[in-house]
Amino acid sequence: MEFNTIMIVLIILVMAALIFFTFFRKAPSVQASLDEDIFSFDYLVDAVWNDIYNAQRQRPEDMNLNKYETEKQKKQKTNLMRNLETCSAGDYGAKMFVIDYISSLLQGKHGIDALTINRPIKFHDEEQLSSDEKYDILLCYYTREYGMHDAMHEFICQNHFDELRNEQYYVDEQDIKEVYHRLLPKMNLSFTDKMDVLAHRIYQTRSGHGCADRTRDLNVSGVSLGVSGISADTFSFAGASKSQANNKTAYRFSYDSFWMNFEGKQFYMSCTGCHSQKELIRVCKNLYRYHAPKNASANDGRVLNDMKDGSRVTVARPNFCGSWSAIVRKHSGGKILTLEEQLTDPGAENVIALLKYIILGEQPLEITGGQSCGKTTVLRRAATFIRKYKTIRSEETIFELELNEVMQDRNIVTFRETDLISGQEALNFIKKTDCDVLIFGETVDPAVAAWKIQASQTGGPFNMETNHAETTEKLLKWYRNALLMCAGFSNELIAMEQVVDALKFDMHMAKTPSGHFYCERITEIIPVEDDKKPYKLVNIIVFNKKENRYEVTHELSKQMQERILANLHEDEAKDFLLSLIHISEPTRP
């Protein structure tokens, strides 16, 4: 009997201990050892994030506060958790909330003031600052002086980093060292500036994007990590020579690879990096996690997603990829460009006028070109020419057109493919949503391409899209092959005739080696009766690369003029006929 009593008591004690440790145990606190510097950067990182962890777990109901203070604490906890959820997803407001929260902890709880601010980061001693710290301080300075929109432009151009050096655009540690030394006397960093740098660097170690964090928020076209250097996943020093193994600093690993896409140029930012494989993996996961369709696993090591600000994120990992890598594409470099801002060369007004009447005249438009040459930006702005009473539906792989942001008072619904909903299934649904104009972010699926061509034969909606075709010939053949592959066609000529009947204009975008965007040509696709080639291609406007200006080379076909006029209102028809003087008469030398 005594044995049973003892066992019951032991069981009760064990259960009580489990309940206590599960529900009432506080998170471990960060305590400094006697010889540890409580103002060191590493200590503050652990201490601050431990405070944030505790704030999330804390129950205001257990703090013995009055009702008003309890509700206040609940709201503060809710705000903190909500902003922590989206701060790494491209939500700049949430990010600044968390950074301000970190700053308040540093000053209110950890004794950071004007006297101690130089302890975690050696602002007072240039020689003790790392290249990463100097880069962050410089971005803080340029942002303070020129604003977020112009900070990177001034940083790059003032220091001539936009000029080719050794056949590459780059900013290395020596560049940062020289720029920092030159600007140090005029930077005059205030306590607020220093707090911004410190709080930001603490933030980016856990919730932020590491070395890419500040850069991604500025007016750049995108950033890439893990895309150059030796993969730490596969490299072993065992296979290196003795001298190589002893000189590990001579290797440049992929986790230190950071590139920036700026004004059409790729800059190798070797002045900073993640510095460890663990940090690279953390940043990659943070970048794609916003409403992620899946996790990047060893079996399926690829994720395509978008961030809250519309940036496109592609993340790859082994075994699918040689190393962990992330590529972020920010459309329009963080702002919504007008066509006049994107097409700036002499004669661009004719390009814009022709584009306007193609859309008002409801003629199918293909915007083609290579990667990062401005196709999406042109499509986004060209869509503003669509009549305001028309309903617009768009089908995309990821949400990147941001049409609702550009035209907030228009009837626009955007759809995208998912793992369970194919592009063709999405289109079958879209056609039942009162669709007047259908915009494709990019057509890469032959089944979707075939659906589009066939829909045009039955009075389907007027459509616009982007495509990576290099020439109009290749564009037409790609659509023809899509019909042969997915629509049951067996005769190439008949398939091509349907394609030519469905496509009317090809606007081809390009960019120069220096990153200047331009429209290479606008080509009219004209059906003709020919048993071998049932179409004729006529370049209406071309870009003269020698003189850097647009030239009208041919007039619109009579049948195209009639097609456009048939869809114009009376006042628009008069303006169109007047504009034909410029966009239908060849430019004279």
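In case you missed it, the structure is sitting above this.
A quick note: this is a predicted structure, and the numbers were derived from the prediction, not measured.

S.K.: Is there a simple way to think about the sheet that holds strand β15 (residues 535–544) in this case?
M.R.: Paired through their backbone hydrogen bonds, the strands of a sheet run either parallel or antiparallel. The strand order across the open sheet formed by nine strands is β10-β9-β11-β12-β8-β13-β14-β15-β16, and the pairing between neighbours is mixed. The open sheet has two free edges, formed respectively by β10 (412–416) and β16 (549–552), since each of these has just one partner strand. With direction set aside, neighbouring strand axes in the sheet form an average angle of 20 degrees. Pairing geometry for strand β11 (residues 437–440) and strand β12 (residues 462–467), over four bridges, is parallel. In the strand pairing of β12, L438 is matched with N463. Here helix α15 (residues 423–430) sits on the sheet and contacts β9 (392–396), β10 and β11; the angle it forms with β9, its principal contact strand, is near 170 degrees.

S.K.: Please clarify how the environment of E551 should be interpreted in this entry.
M.R.: When you line up the elements, E551 lands in strand β16. Once the C-alpha coordinates of E551 and N350 are considered, the two residues, 201 residues apart in sequence, prove to be 8.6 Å apart. Among the polar contacts made by the side chain of E551, one reaches the side chain of R549 at a distance of 3.1 Å.

S.K.: Is there a simple way to explain the nonpolar core in this structure?
M.R.: Taken as a class, soluble globular proteins show a tendency for nonpolar side chains to be buried jointly. Counting 78 residues, the largest nonpolar core has I102, L106, M152, F155, I156, I202 and L225 as its most contacted members. For this core, the leading source of residues is helix α5 (residues 131–158), giving 11 residues. Beyond its immediate chain neighbours, meaning those up to four positions away, F155 contacts Y135, L138, Y142, F161, V171 and I176. Residues I359, V378, F505 and F576 belong to the second largest nonpolar core, which totals 51 residues.

S.K.: Honestly, helix α19 (residues 558–565) in this entry has me stumped. Any pointers?
M.R.: In an α-helix, one turn spans 3.6 residues, which is why side chains three or four residues apart end up on the same side. For α19, the complete set of buried residues consists of M560, Q561 and I564. Buried residues of α19 fall within an arc of 105 degrees about the axis and therefore sit on the same side. Exposed and oriented more than 90 degrees from the buried face of α19 are K558 and E562.

S.K.: Is there a simple way to explain the pattern of salt bridges in this structure?
M.R.: Where charged atoms from two side chains of opposite charge approach closely, those side chains can pair. Per the counting criterion, the structure on display carries 29 salt bridges. For D91, the salt bridge goes to K308, with nearest N and O atoms at 2.9 Å. You can see D91 sitting in the loop between α3 (67–86) and α4 (92–108) and its partner K308 sitting in the loop between β5 (302–306) and β6 (312–316), a full 217 residues away along the chain. Residue classification places D91 among the buried residues on the basis of a relative accessible area of 18%.

S.K.: Please clarify how helix α7 (residues 191–203) should be interpreted in this entry.
M.R.: Taking 1.5 Å as the rise per residue, α7 with 13 residues should run 18 Å; its terminal C-alpha atoms sit 18 Å apart, in good agreement. Here α7 lies mainly inside the structure; 10 of its 13 residues are buried. The elements touched by buried residues of α7 are α2 (41–57), α4, α5 and α8 (213–217).

S.K.: Explanation requested: the sheet that holds strand β7 (residues 325–329) in the structure shown.
M.R.: The strand order across the open sheet formed by seven strands is β1-β4-β3-β2-β7-β6-β5, and the pairing between neighbours is mixed. Each edge of the open sheet carries a strand with a single partner, namely β1 (169–170) and β5. In this structure, β1 lies alongside strand β4 (residues 265–268), joined through two bridges in parallel fashion. Across the sheet, Y170 pairs through a bridge with Y268, a residue of β4.

S.K.: Help me understand the state of the cysteines, please; the structure alone is not making it clear to me.
M.R.: Throughout the structure, instances matching the rule amount to zero disulfides. Not engaged in a disulfide, the cysteine C271 finds its nearest cysteine sulfur in C211; these two sulfurs lie 9.0 Å apart. With no disulfide of its own, C321 lies 9.3 Å from the sulfur of C284, the closest cysteine sulfur. The partly exposed category is assigned to C321, whose relative accessible area is 23%.

S.K.: Explain unusual backbone geometry here, please?
M.R.: Only a minority of non-glycine residues have a phi that is not negative, and only a minority of peptide bonds are not trans. Cis geometry is adopted by the peptide bond preceding N319, which originates at P318 and carries an omega value of 15 degrees. Looking at where N319 falls in the secondary structure, it is placed in the loop between β6 and β7. The phi dihedral of N166 falls on the positive side, at around 55 degrees, and the residue is not glycine. Tracing the backbone shows N166 in the loop between α5 and β1. We classify N166 as exposed; its relative accessible area is 71%. Unlike most non-glycine residues, N548 shows phi in positive territory, near 50 degrees. Inspection of the secondary structure assignment puts N548 in the loop between β15 and β16.

Here is what the cut-offs are and how they apply
Residues numbered from 1 in each chain as written. Predicted model: local features only at pLDDT ≥ 70, side-chain atom pairs only at ≥ 80, totals over all residues. Heavy atoms only, no water. Pairing = 2+ DSSP bridges. Helix = DSSP H or I, 4+ residues; strand = E, 2+ residues; numbered from the N terminus. Axes fitted to C-alpha atoms, helices over the stretch in contact; angles between N-to-C directions. Contact = heavy atoms within 4.5 Å. Polar contact = N/O pair within 3.5 Å; in protein donor to acceptor, adjacent residues only side chain to side chain. Core = buried A, V, L, I, M, F, W, Y, C linked by side-chain atoms within 4.5 Å. Buried < 20%, exposed > 50% of the residue type's maximum accessible area, 1.4 Å probe, protein only. Arc of directions from axis to C-beta. Salt bridge = Lys/Arg side-chain N within 4 Å of Asp/Glu carboxyl O. Expected span 1.5 Å × (residues − 1). Disulfide = S-S within 2.5 Å.

Purely geometric numbers; function is a separate question.
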